[in-house]
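Coordinate inspection notes
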Amino acid sequence: MAGGGGQEGASLEFTPTWIIAIVCAVIIFISLFFERFLHYVGKALKHKKNFALFEALLKVKEELMLLGFISILLSVFQGAIQRICIEDSVMLHGLPCKRESSADSVSHLSSIRHYGTNFPLHFTGMRALLASGSKGSGHCKNGKVPLLSLEAIHQLHIFIFVLALTHVVLSLITVVLGITQMRDWKNWEAKIQEQDDTADKMVSHVRELPFIKKRFKENAIVGWLHSFGKQFYDPITIDDYRTMRLGFIMMHCSWNPEFNFYKYMIRALETDFKKVVGISWYLWALVIVFLLLNVNGWHAYFWISFVPFMLLFVLGAKLEHIISDLAKKVVDQHHAIIGNLVVIPSDDLFWFKSPKLVLFFIHYILFQNAFEIAYFFWILTIYSFDSCIMGKAAYIIPRLIFSVIIQAVCGYSTLPLYAIVSHMGSRFKKAILPDHMHESFEQWLAIARNNKIKGKKTTNEGTAGNKLRGALNGNKTTNGGYETHVVAQSGVEMQEIQLEPEQETEIEIGIHK
């Protein structure tokens with residue numbers, strides 16, 4: 001034991017076996033319970049053939065495995081980290097809290113306190129505490145201190161876990177809020193499909209159509225102001241839904257006018273959720289940058305919190321403005337139309353001609369918002385609200401208000417907007433295929449990629465190709481008696497199914513009656 005001979009610093013050699021057994025039993029029970037819970041959730045999703053959410057669950061498991069690996073690294077290398085000694089003067093730079101005294105002895109001890117202690121600042125007791133955690137922490141010479149104390153490593157460990165857990169939970173809440181906001185769209189889809197399309201086609205003046213009246217603005221500045229405000233009240237109306245649905249169907253699957261656009265959007269949104277719930281390498285890099293900028297007097301977190309707050313509103317305005325651009329293109333090209341209004345989706349409507357960029361921004365916004373919330377509760381739990389590392393209330397309260405607003409607006413407005421507007425590009429996602437065909441398509445696509453690398457021609461023959469062809473061609477559909485055939489000319493590496501005739505290599509989905 002280290003220190004005064006109490007049980008606080010006892011190692012396993014002097015710990016009763018029944019205490020060790022009880023603690024291990026509790027930890028193992030909690031771990032197995034959580035593992036079984038995730039297992040049964042996965043079985044339920046597979047039973048309901050909800051493969052997109054099942055893949056999202058697998059992504060969550062990957063994140064948990066990464067957290068476990070980080071925990072192992074911190075535990076295994078904590079001794080090595082403490083054996084790294086640095087000059088006491090180095091700790092004068094980049095502190096989250098201002099020093100209380102400039103005296104040499106106090107300065108040295110407050111450096112140690114900054115690196116993870118909340119105990120009284122007497123030298124002997126502090127050294128004993130550090131020695132109890134790691135034998136390597138007591139070897140530093142006078143004027144030097146360990147790079148990171150045992151207590152600081154433990155607190156950093158907790159923060160990483162809280163951050164990852166908060167990100168997963170808040171992402172799930174956002175998707176649930178978004179799908180709840182979209183519940184009326186299912187009724188709109190059913191109502192549209194029940195309408196009689198055999199009626200006589202009427203001639204209509206474009207500017208008199210409800211969609212054009214609500215969306216088209218003559219002045220560009222007025223149009224952007226209208227788009228900015230529209231995201232906060234009734235962001236998608238039934239006229240918007242009907243028009244964008246018809247534009248998508250006429251461009252990508254005109255052979256199937258009864259295509260269920262709502263189900264396609266939900267499948268695509270569930271697939272995108274798998275990407276949002278994960279923490280990519282660049283997000284971990286942002287965490288490192290954020291921790292680096294937490295210097296006393298900079299109030300970096302306060303200024304950084306404005307970035308997702310403003311970006312969210314700009315993104316919502318852009319999504320609304322894309323709908324307005326669809327209306328503007330119709331007005332510019334037509335004075336009157338016969339029948340239904342048809343808009344033309346295009347990648348040109350999006351920033352850098354990339355609809356995927358919208359999902360990237362949403363991912364970043366949700367992650368930084370999770371960082372803000374996780375950091376607040378971590379500091380509140382480890383230290384207190386009045387702690388110097390927490391900062392002044394004048395800087396904390398606005399950040400919390402921003403976080404709540406971001407979470408609400410993203411779920412209520414931005415995510416539903418993304419769910420429908422992201423399909424107004426030139427491509428359509430693989431979610432257009434029924435769930436039961438995804439596995440066969442992925443197998444066939446892997447073969448196509450390998451053959452492209454080898455310079456071979458890809459056909460739909462073979463095990464995967466026959467499964468996909470059988471799934472697509474084996475039976476007539478229930479809506480109109482159509483049969484679908486897959487024609488593969490040569491493999492093309494892609495994340496989405498796309499129809500681009502100008503490319504020499506493509507995957508074409510044709511329709512034959």
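As named in an unreviewed UniProt entry, the protein chain is MLO-like protein, taken from Rhynchospora pubera. Listed in UniProt under the heading Subcellular location (unreviewed entry), the comment for the protein chain reads: "Membrane". The record in UniProt for the protein chain states the following under Sequence similarities (unreviewed entry): "Belongs to the MLO family."

**Things to note about unusual backbone geometry**
The phi dihedral of Phe-352 falls on the positive side, at around 55 degrees, and the residue is not glycine. Tracing the chain through its elements places Phe-352 in the loop between strand E4 (336-338) and helix H15 (356-382). Positive phi values are uncommon outside glycine, yet Lys-353 reaches one of about 55 degrees. Locating Lys-353 in the fold gives a position in the loop between E4 and H15. Here Lys-353 falls in the exposed class, since its relative accessible area comes to 56%.

**Observations concerning the packing of aromatic side chains**
Working definition: an aromatic ring pair is given by the centre-to-centre distance plus the angle between the planes. Taken as a whole, this structure holds 34 aromatic pairs when the rule is applied. Ring plane angle 70 degrees and centroid distance 5.4 Å describe the contact between Phe-232 and Phe-313, whose orientation is recorded as edge-to-face. Here Phe-313 lies in helix H14 (residues 306-333) and Phe-232 lies in the loop between helix H9 (220-230) and helix H10 (238-252), a separation of 81 residues in the sequence. Owing to a relative accessible area of 13%, Phe-313 belongs among the buried residues under this scheme. Both rings, one in Trp-303 and one in Phe-306, keep their centres 6.2 Å apart while their planes meet at 25 degrees; by these two values the pair is stacked. Among the residues examined, Trp-303 registers a relative accessible area of 53% and is labelled exposed. With a relative accessible area of 25%, Phe-306 lands in the partly exposed category.

**Section: the nonpolar core**
A general trend in soluble globular proteins is that nonpolar side chains are found buried together. Within the largest apolar cluster, 68 residues are counted, with the highest numbers of intra-cluster contacts made by Trp-185, Ile-212, Tyr-241, Phe-248, Ile-420 and Val-421. The element contributing the most residues to this core is H14, with 12 residues. Beyond its immediate chain neighbours, meaning those up to four positions away, Val-421 contacts Met-244, Leu-319, Ile-322, Ile-323 and Phe-350. Counting 27 residues, the second-largest nonpolar core is a separate cluster that includes Ile-70, Phe-290, Ala-374 and Ile-379.

**Remarks on the pattern of salt bridges**
Within this structure, the stated rule accounts for 10 salt bridges. With a shortest N-O distance of 3.3 Å, Asp-239 and Arg-242 are connected by a salt bridge. Within this pair, Asp-239 and its partner Arg-242 are both found in helix H10, separated by three residues, close to a single helical turn. One network of salt bridges, in which partners are shared, links Lys-214, Asp-239 and Arg-242.

**Some details on helix H12 (residues 281-292)**
Between its terminal C-alpha atoms H12 stretches 17 Å, which fits the 16 Å expected from 12 residues at 1.5 Å a residue. Residues of H12 that are buried: Leu-283, Trp-284, Val-287 and Phe-290. Buried residues in H12, looked at end-on, bunch into an arc of 110 degrees, giving them a common side. Opposite the packed face of H12, turned more than 90 degrees from it, sit the exposed residues Trp-281, Ile-288 and Leu-292.

**Focus: the packing of H14 against H15**
Here H14 crosses H15 at 150 degrees, and the two axes come no closer than 10 Å. When the interaxial angle is binned, H14 and H15 end up roughly antiparallel. For the crossing formed where H14 meets H15, the hand is left-handed. Touching Val-307, Pro-308, Leu-311, Leu-312, Leu-315 and Leu-319 of H14 are Val-358, Phe-361, Ile-362, Tyr-364, Ile-365 and Gln-368, all from H15. Partitioned by chemical class, the residues of the contact of H14 with H15 number 11 nonpolar, one polar and no charged.

**A few points about the packing of H9 against H14**
In a packed pair of helices, the relevant descriptors are the angle between the two axes and the axis-to-axis distance. In the contact formed by H9 and H14, the axes pass within 8 Å of each other and the chain directions differ by 115 degrees. Relative to H14, the crossing made by H9 is right-handed. Residue-level inspection shows Gly-223, Trp-224, Ser-227, Phe-228 and Lys-230 of H9 in contact with H14, the latter providing Phe-313, Ala-317, Lys-318, Glu-320, His-321 and Ser-324. Residues that form the contact of H9 with H14 fall into these classes: four nonpolar, four polar and three charged.

**With respect to the side chain of Arg-245**
One can find Arg-245 in helix H10. Within the local environment of Arg-245, its side chain forms a polar contact with the side chain of Glu-189, the two groups lying 3.0 Å apart.

What counts as what
- Residues numbered from 1 in each chain as written.
- Predicted model: local features only at pLDDT ≥ 70, side-chain atom pairs only at ≥ 80, totals over all residues.
- Heavy atoms only, no water.
- UniProt positions renumbered as here; feature names shortened; annotations may be inferred.
- Helix = DSSP H or I, 4+ residues; strand = E, 2+ residues; numbered from the N terminus.
- Buried < 20%, exposed > 50% of the residue type's maximum accessible area, 1.4 Å probe, protein only.
- Phe/Tyr/Trp six-rings, centres within 6.5 Å; stacked < 30°, edge-to-face > 60°.
- Core = buried A, V, L, I, M, F, W, Y, C linked by side-chain atoms within 4.5 Å.
- Contact = heavy atoms within 4.5 Å.
- Salt bridge = Lys/Arg side-chain N within 4 Å of Asp/Glu carboxyl O.
- Expected span 1.5 Å × (residues − 1).
- Arc of directions from axis to C-beta.
- Axes fitted to C-alpha atoms, helices over the stretch in contact; angles between N-to-C directions.
- Parallel < 35°, antiparallel > 145°, perpendicular 65-115°, else oblique.
- Left-handed = near helix turned anticlockwise from the far one by under 90°.
- Nonpolar A, V, L, I, M, F, W, Y, C, P; charged D, E, K, R; others polar.
- Polar contact = N/O pair within 3.5 Å; in protein donor to acceptor, adjacent residues only side chain to side chain.

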